[in-house]
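# Fold and geometry: a report
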Amino acid sequence: MIEPKATPMREQAPDVRIHNFSEVPLGYSEDEAIREASRCLQCRNAPCVSGCPVGIDIPGFIRAVKERKHDAAIARIKESNALPAVCGRVCPQETQCQGVCTLGKRLEPVAIGRLERFCADWEATHEACTPTVQPATGKRIAVVGSGPAGLTAAGELRRRGHDVTVFELLHVAGGVLMYGIPEFRLPKAIVQREIDALRRLGVRIEVNKVVGRVATLDELLRDGYDAAFVGTGAGLPQFLGVPGENLNGVYSANEFLTRTNLMRAYRFPEYDTPIRVGRRVVTVGGGNVAMDSARTALRLGADESVIVYRRSEAELPARKEEVHHAKEEGVQLHLLTNPVEFLGDKGRVRAVRCLRMELGEPDASGRRRPVPVKGSEFEIETDTVVIAIGNGPHPLIPQTTPDLALTKSGNIAADARTGATNLRGVYAGGDIVTGAATVIEAMGAGKRAATAIDEYVSR
Amino acid sequence: MYRILSKRTLGPKIREYVIEAPDVAKVGKAGQFVVLRLHERGERIPLTIVECDRKTGGVTLVVQEVGKSTQEMGDRFQEGDSVLDVAGPLGLPSDIERYGTVICIGGGLGIAPLYPIARDLKAAGNEVIGILGARSRDLLFYEDRLAAVCDELHIMTDDGTYGRKGFVSDPLREILAGGRKIARVWAIGPAIMMKVCAGVTREYGVPTIVSLNSVMIDGTGMCGGCRVEIAGEAKFACVDGPEFDAHKVDFDLLISRQRFYAEEEACAVEKYLAERRGEGVAR
Ligand SMILES: Cc1cc2nc3c(=O)[nH]c(=O)nc-3n(C[C@H](O)[C@H](O)[C@H](O)COP(=O)(O)OP(=O)(O)OC[C@H]3O[C@@H](n4cnc5c(N)ncnc54)[C@H](O)[C@@H]3O)c2cc1C
Ligand SMILES: Cc1cc2nc3c(=O)[nH]c(=O)nc-3n(C[C@H](O)[C@H](O)[C@H](O)COP(=O)(O)OP(=O)(O)OC[C@H]3O[C@@H](n4cnc5c(N)ncnc54)[C@H](O)[C@@H]3O)c2cc1C
Ligand code: SF4
Ligand code: SF4
Ligand code: FES
């Protein structure tokens with residue numbers, strides 16, 4: 001008899017956690033992990049594996065957990081995924097591995113992500129297996145950007161014996177994992193642990209290095225780097241372009257989250273960077289970024305946190321678990337609602353004027369297009385607005401590398417299989433190529449590019 | 001870590017630092033800035049590059065102590081000490097060309113960022129008229145440096161303790177009214193000063209550049225916190241600027257956004273000063 005429901009993971013209670021920045025889910029105990037691992041059917045065709053963008057041997061590692069061979073389990077995972085502690089926590093499992101799990105057809109799918117997290121956390125408290133590094137090849141590779149794409153490419157290339165330097169413009173490495181995704185969802189210590197492991201492997205990580213300004217990509221290649229990987233992400237915040245958007249109190253999600261996560265404004269004045277959150281915070285958008293902003297607002301002390309999203313709940317692009325957590329914490333969802341103007345008082349936002357929407361014909365994305373309902377204007381009083389409607393490509397590399405081919409949307413044009421760009425020796429991957437996507441896809445791109453770069457420099 | 005190679009005081013609460021940052025020194029240009037962070041809990045402070053010494057790797061910065069971070073830098077960071085982070089050069093360099101006769105106006109701390117622009121304009125073959133202004137005599141610095149690169153130098157103080165009594169916009173208006181052909185004006189200083197200067201040059205149709213010091217966090221185009229309105233369009237001062245066409249800037253918005261965190265800033269200073277008193281250090 002298989003348990004119909006996945007083994008629940010203990011969590012901080014909503015009324016407690018909205019007052020702290022500690023992680024919400026608390027992880028499986030060994031018994032819980034084994035119980036969950038026992039639900040796996042060990043399917044021969046293992047659809048879950050093809051649902052995972054990096055193809056982790058899921059039944060393989062789950063079997064090892066069931067047999068209490070956690071070191072074998074984590075080793076199995078790490079064959080395909082260098083950042084399991086991160087992915088186990090933030091992958092949109094419901095649309096990937098768990099979405100196609102055989103068990104999920106009738107019962108709840110196996111909690112693959114939670115098991116992956118268990119293995120990674122287990123490793124952190126036990127003797128870590130250090131991967132082997134091939135003998136030095138004498139080839140130098142520059143990695144621009146230290147998000148999941150860059151870090152993955154760097155690790156893979158280093159293991160193949162290349163001399164790898166990662167350049168990061170911020171003062172810490174990690175990309176969105178550090179500045180975007182909040183502490184309560186992905187503790188920064190976990191990301192730091194992965195970065196330290198890369199350093200031990202011999203990857204050089206140079207922060208405060210603005211490639212494009214300190215040296216251009218062309219100059220790096222001219223000055224002794226044999227190849228470069230560009231993983232500079234989708235760091236450019238988009239705005240709605242409606243009146244009143246530059247009022248005080250209107251933040252981009254990037255600013256709101258960067259102040260909080262990277263600069264630790266939630267500990268102001270112990271930390272020097274402040275953040276101002278009012279009593280009622282309105283977040284515009286429906287993805288992970290919006291959920292993170294709305295939940296952060298509560299933790300910063302807002303009385304009310306409201307999400308305004310122009311489609312319906314079914315179309316919310318955020319991970320299901322985040323929507324669930326947000327609701328539990330009291331985040332209010334105003335669906336089928338679209339902001340058309342921000343109203344101010346003495347330079348500070350005081351209300352959002354919105355239109356109600358209804359769903360019409362499907363659009364290019366296959367989702368039903370929201371259309372405004374005539375005469376449905378209304379206002380939501382607010383003192384803080386967070387715009388979380390998406391990010392465009394980080395512009396610095398495209399701007400300072402004139403010959404680099406771009407797509408219509410300003411992303412770097414790169415071969416989907418190898419990451420090769422139109423420039424010799426320059427490869428790219430992650431959000432700078434695909435537009436804002438997921439951690440695991442960025443990692444997959446970094447890994448594929450590493451293989452291609454290895455072939456290129458070994459020729 | 002970035003070592004402080006030298007530190008000297010230019011006036012009350014105004015200090016000049018030379019910080020070892022060879023990457024920046026190698027390529028930094030007039031008009032660009034760095035982002036500096038003092039320590040693990042520090043904020044990212046944007047500071048304009050005054051001078052780069054490609055040989056020593058030294059980058060000269062002038063810092064006015066206005067709030068917690070800049071005061072702490074003045075109090076606790078001495079020659080030989082290191083600051084944790086310096087990133088740059090950021091922003092677009094000034095457009096240095098041979099224009100003809102140009103006016104370079106620096107108000108208060110704005111004199112520091114103005115200096116490299118005046119220097120490079122002179123080197124590019126322009127006739128440079130300098131106008132420097134400060135509230136009073138002791139707040140005026142770099143007169144010698146500007147004198148060395150300007151063909152003509154006007155000094156103004158609000159209280160008349162040095163130079164002429166009045167504002168930088170006074171000689172600006174006189175020169176323009178006198179009918180001399182001025183190709184371009186740079187005006188750098190407090191937002192209100194830039195706004196007034198822009199008003200004067202608009203009357204005479206003289207192209208004018210200002211450098212906008214909006215509140216920045218990353219300084220790299222990633223947060224949008226520094227946005228300003230140029231001809232009604234939102235621009236990011238850190239990557240699209242910091243220099244913009246003065247006649248298109250919405251200065252009132254800039255001023256309003258600069259003040260947004262005033263309460264928090266006051267609280268940070270208060271806490272810092274209490275901490276200093278606790279340490280028994282007199283200021
Ligand atoms: C708030 C938020 C929540 C998210 N939640 C999830 C989630 O739950 N699950 C999920 O799978 N995905 C999530 N994502 C998406 C995911 O984080 C990204 O898809 C992923 O981080 C992309 O990785 P990347 O390596 O391409 O770029 P990034 O992580 O953006 O890293 C790029 C790095 O390059 C640096 N850089 C840029 N230009 C330069 C330059 N010129 N020189 C030097 N360095 C440079 C940047 O500073 C940055 O550190 C979320 C994103 C955000 C913003
Ligand atoms: C492109 C640029 C170049 C600059 N160049 C110089 C320079 O060469 N010398 C110099 O002394 N100052 C310069 N400034 C201003 C300097 O960054 C601020 O004075 C400093 O950050 C104040 O920090 P604080 O903690 O001491 O003061 P706070 O108490 O935090 O603030 C005091 C004032 O500084 C402004 N300010 C606060 N934080 C920031 C921030 N993160 N970014 C910008 N302004 C802020 C506020 O508007 C406020 O009015 C520059 C600013 C910009 C944007
Ligand atoms: S990496 Fe992501 S998609 Fe792959 S198995 Fe782990 S949680 Fe699932
Ligand atoms: S599809 Fe589900 S049940 Fe089958 S092997 Fe994968 S995880 Fe186990
Ligand atoms: S300071 Fe963040 S975009 Fe300019």
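Scoring rules and cut-offs
Residues numbered from 1 in each chain as written. Chains lettered and ligands numbered in written order. Predicted model: local features only at pLDDT ≥ 70, side-chain atom pairs only at ≥ 80, totals over all residues. Heavy atoms only, no water. Buried < 20%, exposed > 50% of the residue type's maximum accessible area, 1.4 Å probe, protein only. Helix = DSSP H or I, 4+ residues; strand = E, 2+ residues; numbered from the N terminus. Pairing = 2+ DSSP bridges. Near = heavy atom within 4 Å. Polar contact = N/O pair within 3.5 Å; in protein donor to acceptor, adjacent residues only side chain to side chain. Areas by Shrake-Rupley, 256 points an atom, 1.4 Å probe, with all protein chains shown as cover. Nonpolar A, V, L, I, M, F, W, Y, C, P; charged D, E, K, R; others polar. Domains from an automatic or database assignment. Contact = heavy atoms within 4.5 Å. Buried area = accessible area lost by both parts, 1.4 Å probe.

Our next topic: the pairing of strand β4 (residues 45–48) of chain B. Residue and element names in this part refer to chain B. What you see with β4 is a clean split: Ile45 and Leu47 sit on the buried side and Pro46 and Thr48 on the side with no burial. By the bridge criterion, four bridges tie strand β3 (residues 33–37) to β4 in an arrangement that is antiparallel. Within the sheet, the bridge partner assigned to Val35 lies in β4 and is Pro46.

Turning to the site of ligand 1, a few remarks are in order. All names here are of chain A. The environment of ligand 1 is formed by 36 residues, the closest being Val90, Glu168, Arg185, Val211 and Asp431. Pro148 places a polar main-chain atom, nitrogen or oxygen, 3.2 Å from an oxygen atom of ligand 1. Within the backbone of Val439, a nitrogen or oxygen atom sits 2.9 Å from an oxygen atom of ligand 1. Contact with the protein chains hides 97% of the accessible area of ligand 1, taken as 1000 Å² for the molecule alone. Counting residues per element, the ones that place at least two in the shell around ligand 1 are α8 (148–159), α13 (288–299), α15 (396–400) and α17 (439–458). Per element, the largest residue contribution to the shell around ligand 1 is three residues, and it comes from α13. Along the lines of polarity and charge, the residues of the shell around ligand 1 split into 18 nonpolar, twelve polar and six charged. Each of two domains, domain 2 (140–235 + 392–457) and domain 3 (239–389), supplies a minimum of three residues to the shell around ligand 1.

In this section: the domain arrangement of chain A. Residues and elements named next belong to chain A. Each assigned domain of chain A is listed with its residue range as follows: domain 1 (14–124), domain 2 (140–235 + 392–457) and domain 3 (239–389). Here the C-alpha centre of domain 3 lies 31 Å away from the C-alpha centre of domain 1. The interface of domain 1 with domain 3 comprises 13 residues on the first partner and 14 residues on the second. Taken together, the two surfaces of domain 1 and domain 3 that pack against each other cover about 1100 Å², and 55% of this comes from carbon and sulfur. Its largest share of buried area at the contact with domain 3, domain 1 owes to Arg17, Ile18 and Phe21, together 53% of the area lost on that side.

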